[in-house]
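# Analysis of the macromolecular model
Residue strings, one per chain:
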Amino acid sequence: MCKQIDLGQKKIIINLKYIHKLSSGMAKTIKEMCEFLKEKKEDITFLEGLDRIRYLVELGDDHESTYPFPSKLKTEANRVKGCVSGAYIAAEFKNGRVYYQGMSEARTVFGYVAILAQALSGLTPEDIVNNSKGGIHDFIEGTNIKASLTPSRADAFGNVYKMIVMKAAEYM
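Residues numbered from 1 in each chain as written. Predicted model: local features only at pLDDT ≥ 70, side-chain atom pairs only at ≥ 80, totals over all residues. Heavy atoms only, no water.

The subject of this paragraph is the overall build of the protein. Along the backbone of the protein there are 8 helices and 4 strands. Secondary structure elements of the protein occur, N-terminal to C-terminal, as β-β-α-α-α-β-β-α-α-α-α-α. Relative to its 172 residues, the protein shows a buried fraction of 49%. Long-range contacts, defined here as pairs at least 24 residues apart, represent 66% of the contacts in the protein between residues at least 6 apart. Looking at the protein as shown, the accessible area adds up to about 8400 Å², and 52% of this sits on carbon and sulfur atoms. (Helix = DSSP H or I, 4+ residues; strand = E, 2+ residues; numbered from the N terminus. Buried < 20%, exposed > 50% of the residue type's maximum accessible area, 1.4 Å probe, protein only. Contact = heavy atoms within 4.5 Å. Areas by Shrake-Rupley, 256 points an atom, 1.4 Å probe, with all protein chains shown as cover.)

And the structure:
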């Protein structure tokens, strides 16, 4: 199940199997998280400039249409600290695994929120807290987030990840 995004001369195929896996509540492993992040890293590094931004916006839009973020979850407890624009992460613990929903008012940040929510949903709290950092670090380094976004947008990615880890730690 794939979706093609037309970015002018470049086309990207979004593999929706991860979105389906997330929505079905299926468990996932760290290896699958790393494979997902590697795929997203390849997509992002293939693109440059406005195409990269359009892709991130499209990822956020797809995530929002699949997992609408209820306004009742826009609470101070779910607000990502350190984000200039409003960003929120909510967690649900089900069958020993954590599932995330997120949103951001900044459309490019929303794309990164979608990537993190999809990558980390379905893992155990222990895997998120103790074993996810390496895959996240590889993604950050491989996509060169810090150079491709404004400093506040680049910091948002790290702040969202910290929030996800904090929420997972609450279930340990």
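The rest of the description comes next.
What follows covers the packing of aromatic side chains. In the structure shown here, the tally under the stated rule is 5 aromatic pairs. For the pair F69 and Y88, a centre-to-centre distance of 6.3 Å together with 35° between the ring planes defines the contact as tilted. Taken together, the residues F69 in the loop between helix 3 (49-66) and strand 3 (87-94) and Y88 in strand 3 connect sequence positions 19 residues apart. Owing to a relative accessible area of 12%, F69 belongs among the buried residues under this scheme. Here F139 and F157 contribute two aromatic rings whose centre-to-centre distance is 5.6 Å and whose plane-to-plane angle is 25°, an arrangement assigned as stacked. Taken together, the positions of F139 in helix 6 (residues 133-143) and F157 in helix 8 (residues 151-169) put the pair 18 residues apart, joining distant regions of the chain. (Phe/Tyr/Trp six-rings, centres within 6.5 Å; stacked < 30°, edge-to-face > 60°.)

The end-to-end C-alpha distance of helix 4 (residues 107-120) is 20 Å, a good match for the 20 Å that 14 residues give at a rise of 1.5 Å each. Of all 14 residues in helix 4, 13 are buried, a share of seventy percent or more. Following helix 4 by one or two positions, G122 adopts a phi angle in the positive range, close to 95°. (Expected span 1.5 Å × (residues − 1).)

Once that is clear, we can look at helix 6. Restricting attention to buried positions, one finds in helix 6 the residues G135, I136, F139 and T143. Buried residues along helix 6 cover an arc of 100° about the axis, so they all sit on one side. Exposed side of helix 6, more than 90 degrees from the buried face: K133 and E141 are the residues found there. After helix 6 finishes, the residue N144 shows a positive phi value of roughly 55°. (Arc of directions from axis to C-beta.)

Glancing now at the environment of L73. Along the polypeptide, L73 turns up in the loop between helix 3 and strand 3. Leave out the neighbours within four places in its chain, and L73 touches N78, Y88, A90 and Q101.

Looking at where R97 falls in the secondary structure, it is placed in strand 4 (residues 97-104). Summary of buried charges: R97 has no salt-bridge partner, and the nearest side chain of opposite charge, D127, is 5.2 Å away. (Lys, Arg positive; Asp, Glu negative; His and termini not counted. Salt bridge = Lys/Arg side-chain N within 4 Å of Asp/Glu carboxyl O.)

Here we take up unusual backbone geometry. Excluding glycine, residues mostly carry a negative phi; peptide bonds, for their part, are mostly trans. With a phi close to 55°, N95 is a non-glycine residue in the positive phi region. Looking at the secondary structure, you find N95 in the loop between strand 3 and strand 4.

It is worth spelling out the nonpolar core at this point. Considering soluble globular proteins, one finds that nonpolar side chains tend to be buried as a cluster. Residues Y100, I115, L120 and I128 are the most contacted members of the largest nonpolar core, which totals 42 residues. With near-sequence residues (within four places) excluded, I128 lies in contact with V98, Y100, L120, L123, Y161, I164, V165 and A168. (Core = buried A, V, L, I, M, F, W, Y, C linked by side-chain atoms within 4.5 Å.)

Where helix 2 (residues 30-46) meets helix 3, the closest approach of the two axes is 8 Å, and the angle between their N-to-C directions is 140°. Together, K40, D43, I44 and T45 of helix 2 and R52, Y55, L56 and L59 of helix 3 make up the contact between the two elements. Along the lines of polarity and charge, the residues of the contact of helix 2 with helix 3 split into 4 nonpolar, 1 polar and 3 charged. (Axes fitted to C-alpha atoms, helices over the stretch in contact; angles between N-to-C directions. Nonpolar A, V, L, I, M, F, W, Y, C, P; charged D, E, K, R; others polar.)

The subject of this paragraph is the confidence of the model for the protein. Of the residues in the protein, 79% reach a pLDDT of 70 or more, and the chain-wide mean stands at 83. Taking the mean pLDDT of every element in the protein, the minimum, 44, falls on helix 1 (residues 17-24) and the maximum, 97, on helix 5 (residues 125-131). A low-confidence stretch, residues 9-25 (pLDDT under 50), is modelled with 57 contacts involving residues beyond four sequence positions or located in other chains. (pLDDT = per-residue confidence, 0-100.)

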